[in-house]
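# Examining the three-dimensional arrangement
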Amino acid sequence: VRARVMQVDHSPDVTYEDIGGLADQLQEVRETVEMPLDRPEMFTEVGINPPSGVLLYGPPGTGKTMLAKAVANQTNASFIKMAGSELVHKFIGEGAKLVRDLFEVARENEPAVIFIDEIDAIASKRTDSKTSGDAEVQRTMMQLLSEMDGFDERGDIRLIAATNRFDMLDPAILRPGRFDRLIEVPKPEADGREIIFQIHTRNMNVSDDVDFSELAELATDASGADIKAVCTEAGMFAIRDDRTEVYRQDFVDAWEKIQVDADEDVGSSL
Ligand code: ATP
């Protein structure tokens, strides 16, 4: 089970330079995750405990996973990823056992950054706490909180969680000493989008007629993941046309195609 649901990455290759438009968020993640791993004595000397857990929240595809991976890379920590949905199980005690396993794997791989994506799957406001499924999810969350409470003895482990559904979270997990550092990771503004275009075209053969600030204005409302998709798609347009250089028009066409695809997705899920 462990191998299937837990991803251990000993050296994630994402760096801070790969992340566009999230300077404030990066700064905060560094303070709360990198500092305690790199300079634990600072916290001891000042006499405060570093935050137990950091919660990143915001729309899909905005760089939350990247932030967590980059800080693990920077601190030479292993990166251990699990989705909250993987912690939801039918059998009593199974979710809690997975949480214990997760921290055990982290201890075996110290220093480590544990990243739990979709934390809302186990930390939502309860709708009907009488159903047994809910009680089991509740137990899983309690196990996670108790592992977090024991952080002091755990050495070099930091916990980062992420959610697209901040509004759904049970306030209990946001109490002091738990996920008490909340970092919003929004969609990028125009200048952020421009940088993200530059990042994702670093290895592309881009024609001189491409103006990234123009593309950033065009791609209103795009997430980082959308921009990455536009760049790949623009490259595909060039290849279909038997060219090795990517033109402005390829990016414009790619943006249109991505929007049409997104609309169709929404349509099909209605
Ligand atoms: P989800 O909530 O769906 O898990 P996420 O916020 O964790 O999404 P990531 O997995 O970090 O998003 O981003 C997906 C991909 O989109 C990244 O691998 C990267 O290529 C691109 N991307 C997203 N945000 C950025 C950004 N700020 N800068 C550069 N690339 C980005």
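Right, let's walk through the structure included here. In this text, all values refer to a predicted model and were calculated from it rather than measured experimentally.

## So, the overall build of the protein
In terms of helices and strands, the protein carries 10 helices and 6 strands. Each principal axis of the C-alpha atoms in the protein carries an extent, and together these give about 55 × 50 × 30 Å. Here the protein holds 270 residues, and 44% of them are scored as buried. Counting only contacts in the protein whose residues sit at least 6 apart along the sequence, the fraction spanning at least 24 positions is 79%. Approximately 14000 Å² of the protein is accessible, and the part contributed by carbon and sulfur atoms is 48%. Within the protein, one finds 29 positive and 53 negative side-chain charges whose respective centroids are separated by 8 Å.

## Some points on the sheet that holds strand β6 (residues 181–184)
The mixed open sheet is built from 6 strands, whose spatial order is β1-β3-β4-β5-β2-β6. Since the sheet does not close on itself, it has two edges, and those belong to β1 (7–9) and β6, each with one partner. For this sheet, the mean angle separating the axes of adjacent strands, direction not counted, is 20°. Direction of pairing for strand β2 (residues 53–57) relative to β6: parallel, over a ladder of 4 bridges. The residue of β6 that forms the bridge with L55 is L182. On top of the sheet, helix α4 (residues 64–74) reaches β2, β3 (78–83), β4 (112–117) and β5 (157–163); it is set at about 170° to β4, its chief contact.

## Structural notes on the site of the ligand
The full set close to the ligand counts 18 residues, and G20, G61, K64, T65 and H200 are the nearest of them. Residue K64 places a side-chain N or O atom 2.9 Å away from an oxygen atom belonging to the ligand. The contact in question runs from an oxygen atom of the ligand to an N or O atom on the backbone of M66, over 3.1 Å. Summarising the interface, the protein chains cover 81% of the accessible area of the ligand, which totals 630 Å² for the free molecule. Within the residue set of the shell around the ligand, elements represented by two or more residues are α4, α7 (190–200) and α9 (224–240). Looking at the shell around the ligand, its residues break down into 6 nonpolar, 8 polar and 4 charged.

## Some details on the pattern of salt bridges
Where side chains of opposite charge bring their charged atoms close, a pairing between them can arise. Taken as a whole, this structure holds 13 salt bridges when the rule is applied. Note that R240 is salt-bridged to E233, the shortest N-O span being 3.3 Å. Residue classification places R240 among the exposed residues on the basis of a relative accessible area of 52%. In this structure E233 comes out as buried when scored by relative accessible area, which is 14%. Residues joined by salt bridges that share partners form a network here, namely E28, E31 and R181.

## Notes on α4
Those residues of α4 lying buried are K64, L67, A68, A70, V71 and A72. At its buried positions, α4 is contacted by α2 (23–38), β2, β3, β4 and β5. Of the residues one or two after α4, N76 is the one with positive phi, at around 55°.

## Brief notes about the packing of α7 against α9
Following both chains from N to C, one finds α7 and α9 inclined at 45°, their axes separated by 9 Å at the closest point. The orientation of α7 with respect to α9, classified from their angle, is oblique. Here the hand of the crossing between α7 and α9 comes out right-handed. Every residue of α9 that contacts α7 at R193, I196, F197 and H200 is listed here: G224, I227, K228, V230 and C231.

## Some thoughts on unusual backbone geometry
Of note, the amide linkage connecting E110 to P111 takes the cis form, showing an omega dihedral of -10°. For N76, which is not glycine, the phi torsion reads 55° and is therefore positive. Structurally, the position occupied by N76 is in the loop between α4 and β3. Backbone geometry places D221, a non-glycine residue, at a positive phi of 75°. In this fold, D221 is placed in the loop between α8 (212–218) and α9.

Scoring rules and cut-offs
Residues numbered from 1 in each chain as written. Predicted model: local features only at pLDDT ≥ 70, side-chain atom pairs only at ≥ 80, totals over all residues. Heavy atoms only, no water. Helix = DSSP H or I, 4+ residues; strand = E, 2+ residues; numbered from the N terminus. Buried < 20%, exposed > 50% of the residue type's maximum accessible area, 1.4 Å probe, protein only. Contact = heavy atoms within 4.5 Å. Areas by Shrake-Rupley, 256 points an atom, 1.4 Å probe, with all protein chains shown as cover. Lys, Arg positive; Asp, Glu negative; His and termini not counted. Charge placed at Lys NZ, Arg CZ, Asp CG, Glu CD. Pairing = 2+ DSSP bridges. Axes fitted to C-alpha atoms, helices over the stretch in contact; angles between N-to-C directions. Near = heavy atom within 4 Å. Polar contact = N/O pair within 3.5 Å; in protein donor to acceptor, adjacent residues only side chain to side chain. Nonpolar A, V, L, I, M, F, W, Y, C, P; charged D, E, K, R; others polar. Salt bridge = Lys/Arg side-chain N within 4 Å of Asp/Glu carboxyl O. Parallel < 35°, antiparallel > 145°, perpendicular 65-115°, else oblique. Left-handed = near helix turned anticlockwise from the far one by under 90°.

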